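Coordinates in review
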Amino acid sequence: MSIPTSKISGVPRTMLMTLRARADEQANSQPIIQDPLAVEWYQSLTWDEELDKLYNSTSQKSLAIRAYHYDNITLRHIANSSQPIIVELGSGLSTRYYRIGQQVDNWFDLDLPPVIELRNQLETETEKHQLIGCSVMDFSWMDSIPKVEPENILFIAEGLLMYFDVSEVEQLIEQMRFRFPGASLAMDVLNKIGQKLGKKRAEQMAELEAPFKWFTKEQEVATMGLSIINICRLYRDYRQHWSLLVKLLSWLTPLGNIYLILETKLD
Ligand SMILES: C[S@@+](CC[C@H](N)C(=O)[O-])C[C@H]1O[C@@H](n2cnc3c(N)ncnc32)[C@H](O)[C@@H]1O
């Protein structure tokens, strides 16, 4: 029996695309990530056909590569911390904990209450893996994070911050810097060229009530009190996984720079 997702609207419905991208990746002979649970969850849920206009082979590949890149950031953090804590902000239906995180004693997946209600139908929360149902802008979630040296904490904002306007991003980062100085924050950002090149996609996102609002570049992110530790150019740094067309476009046009995954430290 399928679990209905019809009550999930606006930005939260986009999490169905990222789940599907990971599930569809499993059909490849050499998937970039191993994620059998994504297949199970995807098959348990109803697909939102409104998302068909956004979901295609390029978006599938982008989302799978993005998940793989964040997995690597997370694995490095786990390997380098004495007491790692992972907090996925806007986790959606992320299965990262099951994929790579079960050795971690404190893993938090935070998303809006309807998303967490849905997750509760798919999985059982444990002491090690907790689900927090609240807006990331309701800063009370910060009280749920154990009091450890902040260097142990990695916040993951995968596919989240472009849905906020700049003043919300600034408020969130300011609060996180105040509460967790020295912690790591990984985030993906679209730049202003991406805003122009992706005009059609942006219009489709707006029709789904999930408009992109924040377009930025690494220099602007650095002015928010974050030190940038590493930058991944999604369409350029994973050439081996892209079709010839994307490879060419990412070298010959600004496409290569439009989508960045930034590893930062809260100063
Ligand atoms: C594109 S999905 C990404 C989901 C997941 N991070 C992934 O990559 O699979 C965006 C997610 O942000 C969540 N989100 C949007 N606004 C939020 C808010 N104010 N607080 C917490 N989560 C939010 C949505 O519910 C949705 O799950």
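An account of the accompanying structure is given in this report. (Residues numbered from 1 in each chain as written. Predicted model: local features only at pLDDT ≥ 70, side-chain atom pairs only at ≥ 80, totals over all residues. Heavy atoms only, no water.)

Of regular secondary structure, the protein chain possesses eleven helices and seven strands. Taking 18 Å as the expected radius of gyration for a compact globule of 267 residues, we find that the protein chain reaches 18 Å, a close match to that expectation. Structurally, the protein chain occupies a C-alpha span of about 50 × 45 × 35 Å along its principal axes. Residues classed as buried in the protein chain amount to 54% of the 267 residues present. Partitioning the contacts of the protein chain with sequence separation of at least 6, the portion at a separation of at least 24 is 74%. Taken as two groups, the 27 positive and 35 negative side-chain charges of the protein chain have centres that lie 7 Å from each other. (Helix = DSSP H or I, 4+ residues; strand = E, 2+ residues; numbered from the N terminus. Rg over C-alpha atoms; globule rule 2.2 N^0.38 Å. Buried < 20%, exposed > 50% of the residue type's maximum accessible area, 1.4 Å probe, protein only. Contact = heavy atoms within 4.5 Å. Lys, Arg positive; Asp, Glu negative; His and termini not counted. Charge placed at Lys NZ, Arg CZ, Asp CG, Glu CD.)

Side chains of Leu 244, Leu 248, Trp 251 and Leu 252 sit close together on the surface and give an oily, nonpolar patch of about 480 Å² of accessible area. Mapped onto the elements, Trp 251 comes out in helix 10 (residues 244–252). (Patch = residues over 30% accessible without salt bridge, like charges linked within 9 Å, V, L, I, M, F, W, Y side chains within 5 Å. Areas by Shrake-Rupley, 256 points an atom, 1.4 Å probe, with all protein chains shown as cover. Salt bridge = Lys/Arg side-chain N within 4 Å of Asp/Glu carboxyl O.)

Buried within helix 2 (residues 36–44) are the following residues: Leu 37, Ala 38 and Trp 41. All buried residues of helix 2 project into a common sector of 100° when viewed along the axis, lining one side. Pointing more than 90 degrees away from the buried face of helix 2 are the exposed residues Pro 36, Glu 40 and Gln 43. Along its buried surface, helix 2 packs onto helix 1 (15–25), helix 4 (96–100) and helix 5 (113–122). (Arc of directions from axis to C-beta.)

Quick look at the site of the ligand now. The local shell around the ligand holds 22 residues, among which Thr 18, Gly 90, Asp 111, Val 136 and Glu 158 are the closest. Here a nitrogen atom of the ligand sits 2.7 Å away from a polar atom, N or O, in the main chain of Gly 90. A distance of 3.0 Å separates a nitrogen atom of the ligand from a polar side-chain atom of Ser 135. If the ligand stood free it would expose 590 Å²; the protein chains cover 95% of that surface. A class-by-class count of the residues in the shell around the ligand yields eleven nonpolar, seven polar and four charged. (Near = heavy atom within 4 Å. Polar contact = N/O pair within 3.5 Å; in protein donor to acceptor, adjacent residues only side chain to side chain. Nonpolar A, V, L, I, M, F, W, Y, C, P; charged D, E, K, R; others polar.)

Opposite charge on two side chains allows them to pair when their charged atoms are near. One pass over the full model with this rule turns up 18 salt bridges. We note a salt bridge from Arg 13 to Asp 48, for which the minimum N-O separation is 2.9 Å. In this pair, Arg 13 is assigned in the segment before helix 1 and Asp 48 in the loop between helix 2 and helix 3 (57–80), connecting sequence segments 35 residues apart. Across the pair Arg 179 and Asp 143 runs a salt bridge, and its minimum N-O distance is 2.7 Å. Taken together, the residues span a long stretch of sequence, with Arg 179 in helix 6 (residues 166–179) and Asp 143 in the loop between strand 3 (129–133) and strand 4 (153–157) at a distance of 36 residues. Relative accessible area serves as the criterion here: at 30%, Arg 179 is assigned to the partly exposed category. Ionic contacts of the salt-bridge type, sharing partners, join the residues Arg 22, Asp 35, Arg 66, Asp 71, Glu 88, Arg 96, Arg 99, Glu 158 and Asp 188 into one network.

Here the focus is the nonpolar core. A general trend in soluble globular proteins is that nonpolar side chains are found buried together. Counting 53 residues, the largest nonpolar core has Leu 45, Leu 93 and Tyr 235 as the members making the most contacts within it. Looking at this core, the elements that each hand over two or more residues are helix 1, helix 2, helix 3, helix 5, strand 4, strand 5 (184–190), helix 11 (255–258) and strand 7 (259–266). Ranked by residues supplied to this core, first place goes to helix 3 with seven residues. Among the nonpolar cores identified, the runner-up in size contains 34 residues, and Cys 134, Met 142, Leu 160 and Val 221 belong to it. (Core = buried A, V, L, I, M, F, W, Y, C linked by side-chain atoms within 4.5 Å.)

A word on unusual backbone geometry. Positive phi, close to 60°, is recorded for Glu 209, a residue that is not glycine. Structurally, the position occupied by Glu 209 is in the loop between helix 8 (199–207) and helix 9 (218–222).

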